[in-house]
Every structure is written in C-alpha cells, then in structure tokens.
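These are the residues of each chain, in order.
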Number of protein chains: 2
Amino acid sequence: MLLMLVGLPARGKTFIGRKLARYLSWLGYRTRVFNVGSYRRERLGSYQPHSFFSPDNLRGEEARRRLAELALEDALGWFSGVGDVAIYDATNTTRERRDFVRHRAEREGIKVLCIETICDDEAIIEQNIRETKLTSPDYLGIDPEQAVRDFRARIDHYARVYEPVGEDEGAYIKVVNVGRQVVTHRLQGYLPGRLVFFLMNLHIVPRPLWLTRHGESLYNLEGRIGGDAELSPRGERYAQALTGWMHDHATGEYGVWTSTLRRAAQTARHLPVPAVAWRALDEIDAGVCDGMTYEQVREELPQEFEARQRDKLRFRYPRGESYEDVIQRLEPVIIELERQQNPVLVVTHRAVLRALYAYFMDRPPEDCTRLDIPLHTVLELTPRAYGCEEKLHPIAV
Amino acid sequence: MLLMLVGLPARGKTFIGRKLARYLSWLGYRTRVFNVGSYRRERLGSYQPHSFFSPDNLRGEEARRRLAELALEDALGWFSGVGDVAIYDATNTTRERRDFVRHRAEREGIKVLCIETICDDEAIIEQNIRETKLTSPDYLGIDPEQAVRDFRARIDHYARVYEPVGEDEGAYIKVVNVGRQVVTHRLQGYLPGRLVFFLMNLHIVPRPLWLTRHGESLYNLEGRIGGDAELSPRGERYAQALTGWMHDHATGEYGVWTSTLRRAAQTARHLPVPAVAWRALDEIDAGVCDGMTYEQVREELPQEFEARQRDKLRFRYPRGESYEDVIQRLEPVIIELERQQNPVLVVTHRAVLRALYAYFMDRPPEDCTRLDIPLHTVLELTPRAYGCEEKLHPIAV
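Residues numbered from 1 in each chain as written. Chains lettered and ligands numbered in written order. Predicted model: local features only at pLDDT ≥ 70, side-chain atom pairs only at ≥ 80, totals over all residues. Heavy atoms only, no water.

1. Overview of the overall build of chain A
And step 1. Tallying secondary structure elements over chain A gives 14 helices and 12 strands in all.
And step 2. Counting only C-alpha atoms, chain A reaches 75 × 50 × 35 Å along its principal axes.
And step 3. Residues counted as buried form 57% of the 397 residues belonging to chain A.
And step 4. Across chain A, every contact between residues at least 6 apart in sequence was considered, and the portion connecting residues at least 24 apart equals 70%.
And step 5. As displayed, chain A offers around 17,100 Å² of accessible surface, 49% of which is attributable to carbon and sulfur atoms. (Helix = DSSP H or I, 4+ residues; strand = E, 2+ residues; numbered from the N terminus. Buried < 20%, exposed > 50% of the residue type's maximum accessible area, 1.4 Å probe, protein only. Contact = heavy atoms within 4.5 Å. Areas by Shrake-Rupley, 256 points an atom, 1.4 Å probe, with all protein chains shown as cover.)

2. So, helix α5 (residues 122-133) of chain A
Residues and elements named next belong to chain A.
And step 1. Taking 1.5 Å of rise per residue, 12 residues should cover 16 Å, and α5 covers 15 Å from first to last C-alpha, within 8% of that figure.
And step 2. Of all the residues in α5, the buried ones are I124, I125, N128, I129 and T132. An end-on view of α5 places all buried positions within 135° of arc, on one side of the element.
And step 3. The elements touched by buried residues of α5 are α6 (144-161).
And step 4. Between the side-chain oxygen of the N-cap and the backbone nitrogen of A123 there are 3.0 Å, and the N-cap of α5 in question is D121. (Expected span 1.5 Å × (residues − 1). Arc of directions from axis to C-beta. Polar contact = N/O pair within 3.5 Å; in protein donor to acceptor, adjacent residues only side chain to side chain.)

3. Some remarks on helix α14 (residues 350-360) of chain B
All names here are of chain B.
And step 1. Most of α14 sits inside the fold, with 10 of its 11 residues counted as buried.
And step 2. Regarding α14, the residues found buried are A351, V352, L353, R354, A355, L356, Y357, A358, Y359 and F360.
And step 3. In the stretch just after α14, D362 is the one whose phi turns positive, near 55°.

4. A few points about the relation of the copies chain B and chain A
And step 1. Rotating chain B by 180° and moving it 0.1 Å along the rotation axis overlays it on chain A with an RMSD of 0.0 Å. The transformation just described matches what one would write down for a two-fold rotation axis. Of every C-alpha in chain B, the one belonging to V183 of chain B sits nearest the axis of rotation, 2.1 Å from it.
And step 2. Interface overlap between copies is the fraction of interface residues in one copy that are interface residues in the other; for chain B against chain A it reaches 100%, indicating a shared surface. (Least-squares fit on C-alpha atoms with pLDDT ≥ 70 in both.)

5. Regarding the interface of chain B and chain A
And step 1. The interface of chain B with chain A comprises 36 residues on the first partner and 36 residues on the second.
And step 2. Note on chain B versus chain A: buried area summed over both sides is about 3,000 Å², and carbon and sulfur give 43% of it.
And step 3. Between chain B and chain A we count 2 salt bridges in total.
And step 4. With a shortest N-O distance of 3.8 Å, R279 of chain B and D325 of chain A are connected by a salt bridge.
And step 5. One can count 8 residue pairs in polar contact (both at pLDDT 80 or more) joining chain B with chain A.
And step 6. Those elements that provide at least two residues to the side of chain B that touches chain A are β6 (181-185), α7 (190-200) and α13 (323-339) of chain B.
And step 7. Among the elements that make up the side of chain B that touches chain A, the one with the highest residue count is α7 of chain B (7 residues). (Buried area = accessible area lost by both parts, 1.4 Å probe. Salt bridge = Lys/Arg side-chain N within 4 Å of Asp/Glu carboxyl O.)

6. Thoughts on the pattern of salt bridges
And step 1. In this structure the tally under the stated criterion is 72 salt bridges over all chains.
And step 2. Residues E122 of chain A and R152 of chain A are paired through a salt bridge, measuring 3.6 Å at the closest nitrogen-oxygen approach. Residue E122 of chain A is located in helix α5, and its partner R152 of chain A is located in helix α6; the two are separated by 30 residues in the primary sequence.
And step 3. Looking at R152 of chain A, the relative accessible area reads 27%, which means it is partly exposed.
And step 4. E222 of chain B is the salt-bridge partner of R224 of chain B, the closest N and O atoms lying 2.9 Å from each other.
And step 5. R224 of chain B sits in the partly exposed class, given a relative accessible area of 31%.
And step 6. Residue E222 of chain B is classed as partly exposed on the basis of its relative accessible area of 46%.

7. What about the domain arrangement of chain A?
Residues and elements named next belong to chain A.
And step 1. When the domains of chain A are assigned, the result is domain 1 (2-199) and domain 2 (209-394).
And step 2. The C-alpha centroid of domain 2 is placed 36 Å from the C-alpha centroid of domain 1.
And step 3. The partner domain 2 presents 15 residues to the 13 residues of domain 1 that form the contact.
And step 4. Together, the buried faces of domain 1 and domain 2 total about 1,600 Å²; carbon and sulfur atoms form 63% of this surface.
And step 5. At the boundary of domain 1 and domain 2, one finds 2 salt bridges. (Domains from an automatic or database assignment.)

8. Structural notes on unusual backbone geometry
And step 1. Backbone geometry places N177 of chain A, a non-glycine residue, at a positive phi of 50°.
And step 2. Looking at the secondary structure, you find N177 of chain A in the loop between β5 (172-176) and β6 (181-185).
And step 3. In this structure, D362 of chain B takes a positive phi of about 55° despite not being glycine.
And step 4. The partly exposed category is assigned to D362 of chain B, whose relative accessible area is 47%.

9. What about the sheet that holds strand β8 (residues 255-258) of chain A?
Residue and element names in this part refer to chain A.
And step 1. In space, the 6 strands of this open sheet follow the order β9-β8-β10-β7-β11-β12, with mixed pairing throughout. Either end of the sheet is taken by a strand with one partner, and the two such strands are β9 (276-277) and β12 (387-394).
And step 2. Two strands pair when backbone bridges link them, and β8 and strand β10 (residues 344-348) are joined in this way by 4 bridges, in the parallel orientation. Note that in β10 the partner of W257 across the bridge is V346.
And step 3. Seen against the sheet, helix α9 (residues 233-249) touches β7 (209-213), β10, β11 (377-384) and β12 and runs at an angle of roughly 170° to β7.
And step 4. Against the sheet, helix α13 (residues 323-339) engages β7, β8 and β10, with an angle of about 175° to β8. (Pairing = 2+ DSSP bridges. Axes fitted to C-alpha atoms, helices over the stretch in contact; angles between N-to-C directions.)

10. Digging into the environment of R213 of chain A
Residues and elements named next belong to chain A.
And step 1. The residue R213 is located in strand β7 in this model.
And step 2. Judged by relative accessible area, R213 falls into the buried class, the value being 9%.
And step 3. A sequence separation of 184 residues divides R213 from Y29, and the C-alpha atoms of the two residues are 27 Å apart.
And step 4. Apart from the residues lying within four places of it in its own chain, the contact partners of R213 are N220, Y238, T267, V347, T348, H349, R350, L353, I373, P374 and L375.
And step 5. From its side chain, R213 meets the backbone oxygen of I373 in a polar contact 2.9 Å long.

11. Details of the packing of helix α1 (residues 13-26) of chain B against α13 of chain B
All names here are of chain B.
And step 1. Packing of α1 against α13 brings their axes to within 11 Å, and their N-to-C directions diverge by 155°. When the interaxial angle is binned, α1 and α13 end up roughly antiparallel. For the pair α1 and α13, contact is made by K19, R22, Y23 and W26 and by I327, L330, E331, I334, I335 and E338, respectively.
And step 2. Grouping the constituent residues of the contact of α1 with α13 by class yields 6 nonpolar, no polar and 4 charged. (Parallel < 35°, antiparallel > 145°, perpendicular 65-115°, else oblique. Nonpolar A, V, L, I, M, F, W, Y, C, P; charged D, E, K, R; others polar.)

12. Quick notes on the side chain of R11 of chain B
All names here are of chain B.
And step 1. Its location among the elements puts R11 in the loop between β1 (2-6) and α1.
And step 2. No salt bridge forms around the buried R11; measuring N to O, its nearest opposite-charge neighbour E122 is 5.3 Å away.
And step 3. The contact partners of R11, leaving out residues within four places of it in the chain, are T117, I118, C119, I125, N128 and I155. (Lys, Arg positive; Asp, Glu negative; His and termini not counted.)

13. Quick notes on the packing of aromatic side chains
Residue and element names in this part refer to chain B.
And step 1. Summed over all chains, the structure comprises 21 aromatic pairs over all chains.
And step 2. Measuring from centroid to centroid gives 6.2 Å for Y139 and F151, while their planes differ by 75°, and the two rings are edge-to-face. Placement of Y139 in the loop between α5 (122-133) and α6 (144-161) and of F151 in helix α6 is noted, with a sequence separation of 12 residues between them.
And step 3. Summarising the aromatic geometry, the rings of Y359 and F360 are spaced 4.9 Å apart at their centres and angled 85° between planes, so their arrangement reads as edge-to-face. We note that Y359, like F360, is buried. (Phe/Tyr/Trp six-rings, centres within 6.5 Å; stacked < 30°, edge-to-face > 60°.)

14. Observations concerning the environment of A396 of chain A
And step 1. With respect to the helices and strands, A396 of chain A occurs in the segment after β12.
And step 2. With 158 residues separating them in the primary sequence, A396 of chain A and Y238 of chain A have C-alpha atoms 8.0 Å apart.

Below you can see the structure in the form of structure tokens.
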C-alpha cells in the first residue's frame, strides 16, 4: 500500500509519516518513507529561497516535479523488492498531482490511501516551523526570523494552488490538528483501521516513559524461563530502591503499569501509585518450555532449540508464543502509551521490554530478540517530534 | 458513558444503536439502549400521524419532549445502578435538545459522546423505510404506500429543524452512509477508538456465517481438556462430511478460518478453500490444567475447580485464560467477520464458539459459559438488520 501524504508545509506530514513508519515497521510491515524534501536537498543542495516553490516559477516547478517523480519511482520500486508499505511524503497539494500518483501506482497494482494533514491552529503551525523547520538543513546558518519569513512565503505559494482531497478521490484519512479530528472515507479493513486508531491518539505533549524489568526473581536465580515466581531478596531490594528512585525523579502525577505476574506486581508494590495490571505485559509464553532452563531446552528439545537459534523473531515455543506474537498483543499498550499525557512507569519482562523499546527507538523487529535490557535498571525514554531520547539509570541493590 | 444518537428518522440510528449495544455488552460493558420511539409507543399507542411530529404541533412537541425526558431519566438512572454505557436513541436533531441532554448528564458526572448518523444515499434511506419502518408497530395494518408517504412527511418535519452536530459540541463521531465515511472529533482513548473501528467496518450486505467445532479429537475421547491432539477416526469422517456439506450449501466464494491447533486445521483440510489460521481462534488456554480431565482438576486442584464452578466467566485457569480473556482476544475476529462481504466458515473450539455465538445472538457474557455447542454440527447464522437468524445442521458421521 502506498500512503500518499497530502498537506501544506508545516502541517506535520513528516511527523506523521515517520510515526506511521515506526508503528508499521514494528508491527512487521516493511515500511519506508520517501521524502521529496530529502531528494531536493540531496540533488539541488539545501537552501532554496521561497521563490523556488512559487507556482509562477516554471523552472522551479519543473525541478520540483522531477524530484517528486524520482521519489515516487523509488517508492514504487520498494514494492518490487521487499516492501509492504511506502509512505510518499510530499505536499501533493493539487488534484492533478494526486491523480498522477494514483494512476502511476495503480498501473503497478499498488493500492493508494491518501492521508491529508490539515492544521488551522496557528500556534501548532508556529511551533512546527520553529521546532523543525528552523533546525532543518534548509535553513542552516540563516537568521531565524528571516528563515520564518521565507518559510511562510513558501507556505503561501502552496496555499495558492492547494485543493483538499475530495470524496471522489477514493479512500482517505484526514487528520486535523494533530488528531483532534479525524475523517475517514471509504476505509475498510484491519490495517486502515489500525492507522485511524493510531492517528486518533496522537499528541505532541512530551513526557518521559520509564521502562524496567521486574526485580530479580527466584527463577532468575536458577536460570529458568517463564513461570510465576516471587522476587528474590535482591529483587525485593530493587522494589524498594525503585520506589526511592521514582520519588526522586518523578515530578507530578504518573501512572504505573505492570504485567499480571507476581514478580512484576511485587516490584511495583511499594510505589505510592496503585499499579494497573495488563495481561498484555506478561512475559513471552514459553509454552511447553515454561519452567525449563535454556540448557534443558537444548537437551530435551534440540530441534526447537535450533529452530529458535535460526529465527528467534518468528520462533514460536510449542504451545506458546513468538516475539511476533508478543508484538501483536502489545499493540493496544502502545496505543495507550501514545495517548497518555502523564509519564508512565512500566514494570514488565525482558522480551516485552525489548518489543516496547524497539517501538520507541525505531529498531527493526529483528533487533527485538537481541537487545540487552539489564535487570535493575530504569530505561528513560522521552519521545520527541522526530525520535526518542534515551537514558539508562542503573540502580544498585 | 452516554452515547447520544443524533440523526433524522430512517438514517439507521436504531440499527447502529443496537449493534453497538451488542458489541459493547459482549466486551463486558453493561450496556442498554433507551429508545424514545418505544416510550412513545408504550405510552401513546403505536400509530401517530406525521402531524404529531411537526414542529408546528405544540401539543405534539410537548408530548415528544416529555417522552424524551422520561427516556433520558431512565438512561441516567442506569448509571446509578449497574450500567456502564447507555445508548440514548432519539433524533436529538436540534442543538438545544443536545445541550439539554449534555448538561443533564454532565450534572450527574456522566460523559457524553454524540454519534450522528448521516445518510444522503436515497437508496439506503428507501431500503431502511421499507425494511424496518413498514414492519414497525407504528404502521401495523396501514397500507404500505400510505405509510411510506406518512413516514416521509415525518422525516420532513425533523429536517426543517435539523442542525448537524457542531465542532463546539465536544466529542463526536459522525457515521455517513453506513460507515462509508466516519468523522471523529476530539476523540481519544481505548473505548471510543474501538467504537470508530467497529463503525468503520459496518455494512448491510447479508451473508451467512457457518460455525463449527473441530471434529472429534483423541483428547475428546479421553475427556481431556486443552492439548493439541489429532482427530479421531470419527473426527476425520466429520472433516470429510463437512467438505460434502459445504459443497452442497455454499454457493459462490467463501472463506475458511481455523485456529492454529491441529484438530481444527485437520477438520478443514479437505475443503477446496485454503484455510486462514488465527491464533485468536485457539481454544481457551487451560494453563496448568492443560491435558487434564475435569475429574483430575477436581481431585488435584479442588480450590480451582470450585472457583471455576462459582464464576466460570471470570475464572482464569492458573497460567491460562478466562472466558473474559477469550472474548477480548476474539475482538479482532469479530471486526473482521463484520467486515466480510462473503460467507465464512469458522472451524474452532467449544469455548471460542460459545463466545462468537454470544456476540452474534446477543446473549449476555454469562451465557458464554453454558451454551451447548454440540460436536459435528454446523451452526448457520445470518445477520439481519435487527438480529441474527440461526439454523443448526447436525451432520451424521
């Protein structure tokens, strides 16, 4: 599927495009963003004055059209390789351009879904220009006020020819003011539904997210996987130390989410905030291997052990889960985390933390199975417009 | 939450209200519909000529206002009892009326979400009038053509004063032409998101749905629960007989969905359509009781056995699932089944079938645990506007 972004400059297209790419990649769809602005910067150099973007500038228009088509061809090429979803990040503000893209894609048998970002909240536009455009390579070394004026003139050029997506243009989603309003047209099916749900719960209030594994459990001591063991004495010390750490670091209200397993609930039990228990945060279900050590799995189920080594992401424990299964069931947790305006502390398990981390840090699903998430450490993630800040806080116990 | 329906007559409010009630009840929200039309029929008798609904008819208007308020008070009373969600099914076509409802509800601390149904497709309106209004008690014994004229005049009365829901009226969902377009405004959170997803995938093409348990398995013979056993010879005969039955009964294309368990896949293996395997269709996970007989559970885990007898819906097998868990994980299957335009044969397991059946037949969740779903029987369900037709087809093997 080709997701064709539509909208004036500084309406959050790139923000939404990257967020969707991260979300879809995490869910296992091979997704790539094709950003026409990057093609322009690569081929024509960074700075172009606003006049380059004027519809009256025929040479500029021709150059921009050529770049847009280059990006489109690459996006279509993505499908003949391994790609599932291409996100075509350009203004696509005229109907003629959108028709061109749609016909070109449909000739290749690729479905198109328009995602139009509309913003009439001047404060959001201003914030977007100042936070993302002024720091972009387009305005490197240029006086900020002059850059803002130039960028506003660039927007005006597009606004003169802008035609919003019409009801006769097939399936679309319109996202107004960062998800405050969402309009869907002729949309059906699982994936488009997921996209709408995701877009509805977007916001741009930055707040930290704290992730931690439960404290050391009695099973950890024995090297056994799964189970529903209690904390070890050292794990219990972590539960107490974590409470102290949160007391020092969390200012204001925050939420606490745990799995339904004892070792996670016990890790959160001294916190001043009652924990919400999510079954979706339970550790990967090791099925028939539950309670075994890896050594036992290797000896007693050598074929399974080997299959797991070969493809840890897709390997499903007999009668249990794969990492892919864990990602699927974590999806509602991700939506809820995106939606929260307050910070949240999540106390969960290694495989689950790996999957959550991969989502926030935009790591490919394959990385999920390898990420090192040490015990007795709080991982602090702060989502920003284009990525996440990461800090590790080991807590001595 | 109070879901306030908004829309002209014959726009599918009652259809959507009932569908939402069924879906929400099934998910475990105690939900009830308060339909002002029913209050009118109960208190003033069935037939009222269209002039009763004219905004110029002051006595009619006063009577209608009083009925609407009666229904509203009952809806609000639902929350002081056991209710989670009330669906207030009335036209609510003026802003004044909606403001009244919203203020009244908010005074009780109840959140309001407007769901406006809009339809400008004359064919759908005509179909709605003929299929649902003419068979309603309002027009019992009245000549159909005269009834249609009267009903159209009734619509016109409402259309004169109709004000669509505005952006300053808080959170809303607008459903245009049975989900062809869906607009959401200021919507956030899990439940509203579920509602949008559900409404997006509505349609009114009737098609049968066939549900069956897998053929008899080796575990069935031994009375053991769970496991991943193969079919017994008799189960294999059912797999063959089911193929013959489908050959005789299914006209045109259909889909086949199974669980990922062997006994389900084997039951579908002779069908001419390749089966789609859903993990969400797997049997309830009996956790530590997997592979036991009920007798063994009673002897070895008497406390669990007793807890299960007390509350089978919420009882979660240690390290396994409850019926409630099964319902939650089946939700995407329900959305996909609602969306399908072709018939589907679902080959799954007793607990899962009970949950699916409860959704389609609008049975309370408590019934899930008791419904009798015999082996070697195809259950044929055909969803209609206001309910489901049911046929049982035992297949001798």
